[in-house]
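# Reading the structure
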Amino acid sequence: MKNILPGLGIARGMALTLNRFFQPKATIRYPEAPVNEASRFRGRLQLLYDEYGTLKCETCFQCAQACPIECIDMGGVDTKNRYHIHWGPPETYGERREESALRRSGRTVPDAAYIHFDAIDLGPVDAILEENEYDPKRMLPILEAVQATYGYLPVAALKRISHTTGAWYAMIYGTATYYGHLSFEPPAIRAAADAGAPVTQSGAAATGGPTPTGGPTPTFRASERSYLGALDAALGAGR
Amino acid sequence: MTRILEGPRDWPHILLRETPTPTGASAPDPTDLDAAVRAGAFDGLKRAVRDLGPTATIATISEARLRGRGGAGFPAGEKWRACVEQRSQVRYVVANGYGADPASGTDRLLLETNPYAVIEGLAIAAFAVGATEAWLVVRAGDDAFVRRLESAVGQASDAGFVGPDLLGSGRELTIHVATVEGAYMLGEETVLLKALEGRRGQPEQRPPYPAERGLFGRPTVVQNVATLAAVPWIVVHGAAAFAAVGSPSSPGTVLVAVRGPRGEGVAEIPLGTPLRALVDLVGGVEAGHTLKALLVGGPSGGLLPADLLDTPYDFESLRAAGAHVGSGSIVAVDERACVVDLARLLTRFCADEACGKTIPCRIGLRRVGEIGDRITSGRSRPTDLQLLADLAHDVAASGLCDHERLATLPFTSGMRYFGEELDDHLVRSSCPAGVCHPIAVPAGAAARA
Ligand SMILES: Cc1cc2nc3c(=O)[nH]c(=O)nc-3n(C[C@H](O)[C@H](O)[C@H](O)COP(=O)(O)O)c2cc1C
Ligand code: SF4
Ligand code: FES
């Protein structure tokens with residue numbers, strides 16, 4: 001058909017377009033009733049506070065991730081006040097935004113008093129990256145190796161990983177904060193924090209632990225220890 | 001040390017090998033390939049590759065109605081078929097041996113005592129769906145254990161059971177032993193795949209299921225290690241023999257980790273065994289005390305009362321009773337334990353481990369736990385019980401992953417079966433077990449607390 005009558009396709013398309021003129025408008029109210037916004041309205045995003053005065057934003061980046069035109073950018077110190085982060089590709093606006101956020105927070109950049117900014121020798125990081133072929137898919141082994149080298153994850157190392165692998169800084173931060181065995185605190189600080197955690201009990205090792213072939217007791221994270229402790233208490237340990 | 005509990009003589013051994021008779025001879029090394037092959041290892045793979053071929057292998061697994069042992073009980077055959085139906089050049093198989101619940105050592109025990117059954121099952125699954133790469137994922141932390149597994153995979157590969165030329169079929173299969181650690185949620189299948197991709201461990205919306213779009217976007221079959229360990233047995237003995245074991249809707253055997261005041265251990269039981277028989281395996285409760293509750297399913301398990309001891313241990317019956325198979329952990333406590341306090345601590349663990357992706361899960365579980373805190377410390381508000389019921393329902397109903405669909409079970413089953421005890425805390429300010437101190441404080445002080 002199409003080949004027999006040249007131009008039929010165009011005519012069909014135009015007919016469809018014309019048809020639309022006689023159909024009711026799908027847009028509700030606009031442009032009949034223009035939105036009446038304040039003269040200073042800039043469509044600014046605002047973070048809200050809850051009734052206790054803490055920021056409701058958990059810096060989860062879901063909104064920035066979902067925004068189709070990437071207009072949401074975030075930078076600042078995370079909810080645990082230990083590390084500053086931003087959303088976006090490395091070496092772009094976000095990077096500078098993060099620095100300005102830090103400045104606005106009253107600290108100088110880089111801040112010698114802020115341990116995460118301590119200058120470190122990045123040689124080992126480069127070696128680790130080389131070994132893993134700068135492959136962002138190998139992010140966990142990379143981060144684990146960095147932690148094994150430095151004892152914790154220094155900010156400078158994460159920046160280097162971001163710049164060389166092309167992985168978004170916030171993504172790396174997300175991965176690094178998610179896994180319980182990765183840490184931003186040097187071992188000494190970590191040990192002190194862990195000492196305050198709920199303590200272990202006798203039976204924990206029994207079920208998850210030594211095996212018929214005699215492996216060592218795996219170390220459990222604090223939350224796992226309190227779960228096992230709750231079971232032990234219910235079973236009457238120490239009664 | 002994880003003890004293997006032996007059940008009655010007529011319980012078949014499908015997953016665990018028969019424990020050797022104690023005649024002084026030391027048990028054979030489970031990673032000794034020659035010994036394992038003499039005992040019948042890789043017969044299933046040979047049969048699948050040489051006699052059945054991929055399609056008939058999947059049909060056999062479907063016919064045996066093998067269901068996932070990781071907790072959800074999804075039919076394995078259907079998963080494999082869904083994977084095969086995808087148009088893709090590359091497919092993967094992942095064996096989930098993470099063992100998220102630290103109180104359940106079942107997966108670890110299986111991998112320690114019968115590693116070749118898992119490796120063979122993994123190879124059969126990979127052969128059936130046409131995967132060339134497979135991962136055996138376990139929890140990091142015990143290097144010797146990981147090395148033993150790597151050595152087992154290496155031996156199987158050197159012997160030609162897997163590797164560049166799978167049993168001479170011209171197919172390739174590389175098995176990687178991978179370790180992950182650092183979060184409870186890593187046991188969940190989509191989270192596990194994220195970890196293998198080096199990303200943050202948050203579950204994905206399903207569909208698409210991993211069998212359609214999984215690891216690195218490729219169709220991926222994720223299967224619990226115990227599910228895979230049953231596969232060779234089915235291929236060798238036939239689907240009918242497997243379907244004859246256990247209950248009609250859930251055939252076969254499973255591993256359970258039972259703990260009671262008098263003992264603990266892992267047992268292989270036919271599905272459909274009444275809970276009573278499982279409690280008897282560890283000797284029940286101490287003389288002079290009565291069994292009060294069973295926690296069935298791990299941290300997000302349900303708390304079942306003693307009068308439900310005749311409930312069969314299978315996927316449907318447990319769900320109907322308000323518990324689930326979950327991690328296979330069963331904990332029996334006597335009347336000196338407080339059910340409300342236990343539910344509160346379990347909920348706290350579930351909230352601590354929530355990944356943070358969905359808000360009802362992240363915040364709702366935390367609030368459920370806080371209501372529990374208030375009830376056990378005598379600061380409860382008149383609306384708390386209703387709030388607990390509503391919130392628990394909403395969290396479960398808005399679940400993205402099974403964690404939040406199930407994490408309210410300790411409280412919902414507690415409300416269902418132990419209402420009297422909850423009332424004791426709420427109304428009479430007393431804890432029958434003497435564990436909590438629900439002493440009422442003046443209303444003004446409670447509001448300030
Ligand atoms: C919170 C959570 C934890 C889980 N942990 C495990 C686990 O440790 N091991 C496991 O095999 N499956 C676990 N699962 C189930 C997996 O998501 C998945 O269903 C299973 O690995 C699929 O294999 P199957 O069909 O053979 O059971 C978990 C699920 C959830 C929601
Ligand atoms: S980062 Fe997360 S918590 Fe913060 S505003 Fe965006 S979506 Fe909300
Ligand atoms: S979506 Fe976060 S734990 Fe399920």
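Refer to the structure printed above.
This text gives an overview of the structure that appears in the document. (Residues numbered from 1 in each chain as written. Chains lettered and ligands numbered in written order. Predicted model: local features only at pLDDT ≥ 70, side-chain atom pairs only at ≥ 80, totals over all residues. Heavy atoms only, no water.)

Right, let's talk about the nonpolar core for a bit. Ranked by internal contacts, the top residues of the largest apolar core, which has 77 residues, are Leu 143, Val 146 and Ile 161 of chain A together with Val 94, Trp 135, Val 137 and Leu 186 of chain B. Residues contacting Val 146 of chain A, with those up to four places away along its chain left out, are Ile 128, Gly 151, Tyr 152, Leu 153, Pro 154, Ala 157 and Ile 161 of chain A. (Core = buried A, V, L, I, M, F, W, Y, C linked by side-chain atoms within 4.5 Å. Buried < 20%, exposed > 50% of the residue type's maximum accessible area, 1.4 Å probe, protein only. Contact = heavy atoms within 4.5 Å.)

On to the sheet that holds strand β9 (residues 302-305) of chain B, then. Taken in spatial order, the six strands make up an open sheet running β1-β7-β6-β10-β8-β9 (chain B), and their pairing is mixed. Two strands in the sheet have a free side with no partner beyond their single neighbour: β1 (4-5) and β9 of chain B. Pairing between β1 of chain B and strand β7 (residues 263-270) of chain B: two bridges, direction parallel. Counted as the bridge partner of Ile 4 of chain B is Val 266 of chain B from β7 of chain B. Helix α10 (residues 222-235) of chain A contacts β6 (253-260), β8 (291-296) and β10 (329-334) of chain B of the sheet and is inclined by roughly 40 degrees relative to β10 of chain B. (Pairing = 2+ DSSP bridges. Helix = DSSP H or I, 4+ residues; strand = E, 2+ residues; numbered from the N terminus. Axes fitted to C-alpha atoms, helices over the stretch in contact; angles between N-to-C directions.)

The next subject is the packing of aromatic side chains. One pass over the structure, following the stated rule, counts eight aromatic pairs over all chains. Centre to centre, the rings of Tyr 178 of chain A and Tyr 179 of chain A are 5.0 Å apart; their planes meet at 80 degrees, and the pair counts as edge-to-face. Just as Tyr 178 of chain A is buried, Tyr 179 of chain A falls in that class too. Of the aromatic side chains, those joined through ring pairs into one cluster are Tyr 227 of chain A together with Tyr 184 and Phe 349 of chain B. (Phe/Tyr/Trp six-rings, centres within 6.5 Å; stacked < 30°, edge-to-face > 60°.)

Glancing now at the site of ligand 1. All names here are of chain B. Close to ligand 1 lie 19 residues, the nearest being Gly 70, Lys 79, Ala 100, Asn 224 and Thr 227. Interatomic distance of 2.7 Å between a backbone N/O atom of Ala 100 and an oxygen atom of ligand 1. Look at ligand 1: alone it shows 610 Å² of surface, and the protein chains cover 90% of it. Put simply, the parts of the chain that give the shell around ligand 1 at least two residues each are β5 (220-224) and α15 (402-406). Residue composition of the shell around ligand 1, grouped by class: four nonpolar, nine polar and six charged. (Near = heavy atom within 4 Å. Polar contact = N/O pair within 3.5 Å; in protein donor to acceptor, adjacent residues only side chain to side chain. Areas by Shrake-Rupley, 256 points an atom, 1.4 Å probe, with all protein chains shown as cover. Nonpolar A, V, L, I, M, F, W, Y, C, P; charged D, E, K, R; others polar.)

Residues and elements named next belong to chain A. Among the surface-exposed residues, Leu 18, Phe 21 and Phe 22 lie close enough to one another that they form a single nonpolar patch of about 410 Å² accessible area. With respect to the helices and strands, the residue Phe 22 is situated in the loop between α1 (8-21) and α2 (62-66). A relative accessible area of 68% places Phe 22 in the exposed class. (Patch = residues over 30% accessible without salt bridge, like charges linked within 9 Å, V, L, I, M, F, W, Y side chains within 5 Å. Salt bridge = Lys/Arg side-chain N within 4 Å of Asp/Glu carboxyl O.)

What follows deals with the interface of chain B and chain A. Residue-level contacts link 54 residues of chain B with 35 residues of chain A. Between chain B and chain A lies a buried interface of about 3,800 Å² when both sides are counted; carbon and sulfur atoms form 57% of it. Between Glu 224 of chain A and Arg 139 of chain B there is a salt bridge, with its nearest N and O atoms 3.2 Å apart. Counting across the chain B and chain A interface gives 10 residue pairs in polar contact (both at pLDDT 80 or more). Only α4 (106-113), α7 (189-196), β6, β10, α12 (339-353) and α13 (359-376) of chain B provide two or more residues apiece to the side of chain B that touches chain A. Among the elements that line the side of chain B that touches chain A, the one with the most residues is α12 of chain B, at six residues. (Buried area = accessible area lost by both parts, 1.4 Å probe.)

Residues and elements named next belong to chain B. Taken together, four strands build an open sheet; the order of strands is β4-β3-β2-β5 and the sheet is parallel. Because the sheet does not close on itself, it has two edges, and the strands there are β4 (174-180) and β5. Strand-to-strand, the axes of this sheet are offset by a mean angle of 20 degrees, without reference to chain direction. When strand β2 (residues 92-97) meets strand β3 (residues 133-139), the two strands line up parallel, connected through six bridges. The partner of Gly 97 across the bridge, within β3, is Val 138.

What follows deals with the pattern of salt bridges. All names here are of chain B. Scanning the entire structure with this criterion turns up 30 salt bridges over all chains. Linking Glu 204 and Lys 194 is a salt bridge whose minimum nitrogen-to-oxygen distance equals 2.9 Å. Of the two residues, Glu 204 is situated in the loop between α7 and β5 and Lys 194 in helix α7; the sequence distance between them amounts to 10 residues. Look at Lys 194 and you get buried, because its relative accessible area is 7%. For Arg 259, the salt bridge goes to Glu 264, with nearest N and O atoms at 3.7 Å. By relative accessible area, which is 5% here, Arg 259 ends up buried.

Residue and element names in this part refer to chain B. What you see with β9 is no split at all: Gly 302 and Leu 304 on one side and Leu 303 and Pro 305 on the other are buried throughout. When β8 meets β9, the two strands line up antiparallel, connected through four bridges. When the sheet's bridge partners are listed, Ala 293 is paired in β9 with Pro 305. Where β8 folds back on β9, the antiparallel hairpin that results is connected by five residues, among which Gly 297 adopts a positive phi of roughly 120 degrees.

It is worth spelling out the pairing of β2 of chain B at this point. Counted residue by residue, β2 of chain B has six buried out of six residues, so it is predominantly covered. The two faces of β2 of chain B match: Tyr 92, Val 94 and Asn 96 of chain B on one face and Val 93, Ala 95 and Gly 97 of chain B on the other face are all buried.

Residues and elements named next belong to chain B. For the coordinates displayed, the defined rule picks out three cavities of 30 Å³ or more. Here the largest cavity is characterised by a volume of approximately 50 Å³. Taken together, Val 339, Val 340, Ala 343, Pro 410, Phe 411, Gly 414, Met 415, Phe 418 and Leu 422 make up the lining of the largest cavity. Elements with a contribution of two residues or more to the lining of the largest cavity: α12 and α16 (409-417). Considering only residue class, the lining of the largest cavity consists of eight nonpolar, one polar and no charged. (1 Å grid on protein atoms, 1.4 Å probe; cavity = no way out; pocket = protein on both sides within 12 Å on 5 of 7 lines; lining within 4 Å. Points joined across faces, edges and corners; volume = space filled by probe spheres on them.)

All we've got here are geometric facts, nothing functional implied.
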